[in-house]
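Analysis of the macromolecular model
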Amino acid sequence: MALQSDKSISRVSELTTREGETVKLRGWVYAIRSSGKIAFLQFRDGTGICQLIVSENDMSGDEYNLATGLGIETSVQVEGTAKVESRAPGGVELIVKHLTVIGQSEDYPIGRKEHGPDFLLDKRHLWLRSPKQAAILRIRSSVEHAARLFLHDEGFFEFNSPILTPTACEETTLLFEVDYFGLSAYLTQSGQLYSEAGITALERVYCFGPSFRAEKSKTRKHLTEFWIVEPEMAWFDAEDNMEFQERFIKAMVAYVLEHNEKDLTLMKRKPEDIDLSAKAFEIITYDDAVKDLKANGFKTEWGRDFGAEEEAHLIKKMETPFFIYKYPVEARAFYIERDPSDDRLALSSDTFLHGEYGSEICTGGQRASSVEFLEEQIRRLKLNLEDYEWYLDIRRYGSVPHSGFGLGIERTVRWICGLHHVRETIPFPRMLKRLSP
RNA sequence: UCCUCGGUAGCUCAAUGGUAGAGCAUCCGGCUGUUAACCGGAGGGUUGCAGGUUCAAGUCCUGCCCGGGGAGCCA
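Residues numbered from 1 in each chain as written. Chains lettered and ligands numbered in written order. Predicted model: local features only at pLDDT ≥ 70, side-chain atom pairs only at ≥ 80, totals over all residues. Heavy atoms only, no water.

Counted under the stated rule, the structure contains 20 aromatic pairs. For the pair Y194 and W390, a centre-to-centre distance of 4.8 Å together with 15° between the ring planes defines the contact as stacked. Of this pair, Y194 sits in helix α5 (residues 192–202) while W390 is found in helix α12 (residues 389–396), placing the two residues 196 residues apart along the sequence. Summarising the aromatic geometry, the rings of F281 and F323 are spaced 6.0 Å apart at their centres and angled 45° between planes, so their arrangement reads as tilted. One end of the pair, F281, is in the loop between α8 (271–274) and β13 (282–285); the other, F323, is in strand β14 (residues 322–325), and 42 residues separate them in sequence. (Phe/Tyr/Trp six-rings, centres within 6.5 Å; stacked < 30°, edge-to-face > 60°. Helix = DSSP H or I, 4+ residues; strand = E, 2+ residues; numbered from the N terminus.)

In structure tokens, the structure reads:
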């Protein structure tokens, strides 16, 4: 008989509605406490946690000895009576009558006490099982699902851009190079240039996938492989782009608030900490940000992007997410449109989440429309013009004003969960010094 | 790449230059409502690696390796 067709199996999430009934559960035992002739097994399946009560009053001596001798993380099938019980972690427990071991587990390396990050990351394949880690991954899944739902409702098509690319999107020193039948290829940093081709066919597209950056960064905001969702829209200017980002970010957070209440509680993250529904994102110009920083004692030079301390100052003082808009042209990517009213400025914005766990989560802007300007920019950065001929063709044949942005999933999840480091927001983080597991 | 802190039992950490320890985990025993349970006992060490100083080095010095935090850069 196929395992899934066994309709007699229940799941932990149903238990509160099955009070007094005999139910079967399948899952993992993640902790055991015993007190004489009664033992408390902490149990979980994919839907939640409950407590198993094991006592010789309710089961045979052999099964009792089996149950109390289980190793941490043994997988089991149990049968017993469901009971709502305020003393039980999770609020519900099962008085066990029968227990069968499905998969043994001896000397499970992750204990109930503290561990260091290096040890936990070495054991990441097991660490994922910890309730907090599982909660983070459920929230991550919600964020990704909410992004797709929202974009679908807004008339977007998911557009799969290539992972192997022949050229740099931005700076060449940060690329991972791979051998492609004797040619050099690079792991993608962004699908944006390809999405710009996509909008001429579909008007609104987004790519959603991994981005690879060979940055030698060791900070709590950086991974060498991270996931990015990049909407690109025809007939959007830079301000439409910001208005859209605000609705997009609010939709993702609202979805998590609606669907991950227990997970947020486990993270000790209060709904009011992340509820953005009543907040308007502020737009600050680069000029004003520089003035503010200078007034606060920073030696900020006009024309450069902000450093970590400057960024932290701006994030800390804000009580809503915000945009920094109209950066100097030289501080932005080559494909950004200039401000028609001041050609020193780029129609580009960065988007920041505020507060203790805030950081830059999006970069975006209006794309340049002039072939001549783009050629000049490509030469300035000493990129190979031939590699970009296809990209310039988008301007040569029926170009339209268009904008887009990229949003970093890990930094967004980090903010929602209130996490110190982005490494916990992805199942298997890739960092400067870590390629396994 | 640079700055900074660290590497001691399976894990988290102690240890004035002078006998290498604790808590947790593991194993044995006790406890009928535990909440990272608790109580008693046992086993468990090439102090990251290689040199050096010293009567004596986990401790001081040099080099290397590995990791944490940060910078630059970025989502």
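Structure shown, so let's carry the discussion forward.
Before going further, it helps to spend a moment on the packing of helix α11 (residues 371–380) against α12. Packing of α11 against α12 leaves a shortest axis separation of 10 Å and a crossing angle of 160°. One way to sum up the angle between α11 and α12 is to call them roughly antiparallel. Crossing of α11 against α12: the hand is right-handed. Taking contact as the criterion, the partners of V371, L374 and E375 in α11 are, on α12, Y391, L392, R395 and R396. When the residues that make up the contact of α11 with α12 are grouped by side-chain class, the tally is 4 nonpolar, no polar and 3 charged. (Axes fitted to C-alpha atoms, helices over the stretch in contact; angles between N-to-C directions. Parallel < 35°, antiparallel > 145°, perpendicular 65-115°, else oblique. Left-handed = near helix turned anticlockwise from the far one by under 90°. Contact = heavy atoms within 4.5 Å. Nonpolar A, V, L, I, M, F, W, Y, C, P; charged D, E, K, R; others polar.)

This paragraph deals with the domain arrangement of chain A. One can read the domain layout of chain A as domain 1 (3–103) and domain 2 (124–425). Centre-to-centre separation of domain 1 and domain 2, based on C-alpha positions: 45 Å. (Domains from an automatic or database assignment.)

For RNA strand B, the set of nearby residues contains 49 residues, the closest of which are R33, H115, R220, I361 and R411. At the protein interface, 52% of the atoms of RNA strand B within 4 Å belong to sugar or phosphate. In the model, a sugar or linking oxygen of RNA strand B is placed 3.3 Å from a nitrogen or oxygen of the E215 side chain. At 2.8 Å, a side-chain N or O of H222 approaches a base oxygen of RNA strand B. Going through the elements one at a time, β2 (22–35), β3 (38–45), β4 (48–55), α2 (117–122), α10 (308–317) and β18 (360–366) are the ones with two or more residues in the surface near RNA strand B. Per element, the largest residue contribution to the surface near RNA strand B is 4 residues, and it comes from β18. (Near = heavy atom within 4 Å. Polar contact = N/O pair within 3.5 Å; in protein donor to acceptor, adjacent residues only side chain to side chain.)

The next point concerns the sheet that holds strand β8 (residues 164–165). What the 3 strands build is an open sheet, ordered β8-β10-β9; its pairing is antiparallel. Each having just a single partner strand, β8 and β9 (177–180) make up the two edges of the open sheet. Relative to strand β10 (residues 183–187), β8 runs antiparallel, the two being bridged by 2 bridges. Bridging across to β10, T165 finds its partner in Y186. (Pairing = 2+ DSSP bridges.)

For β4, the tally of buried residues reaches 6 of 8 residues, placing the bulk of the element in the interior. Inspection of the sheet shows β3 paired to β4 by 8 bridges, in the antiparallel sense. Following the sheet pairing, A39 is matched in β4 by V54. Joining the antiparallel neighbours β3 and β4 is a turn of 2 residues. Here β4 pairs with strand β6 (residues 92–103) via 3 bridges, running parallel. When the bridges of β6 are listed, L52 appears paired with L94. (Buried < 20%, exposed > 50% of the residue type's maximum accessible area, 1.4 Å probe, protein only.)

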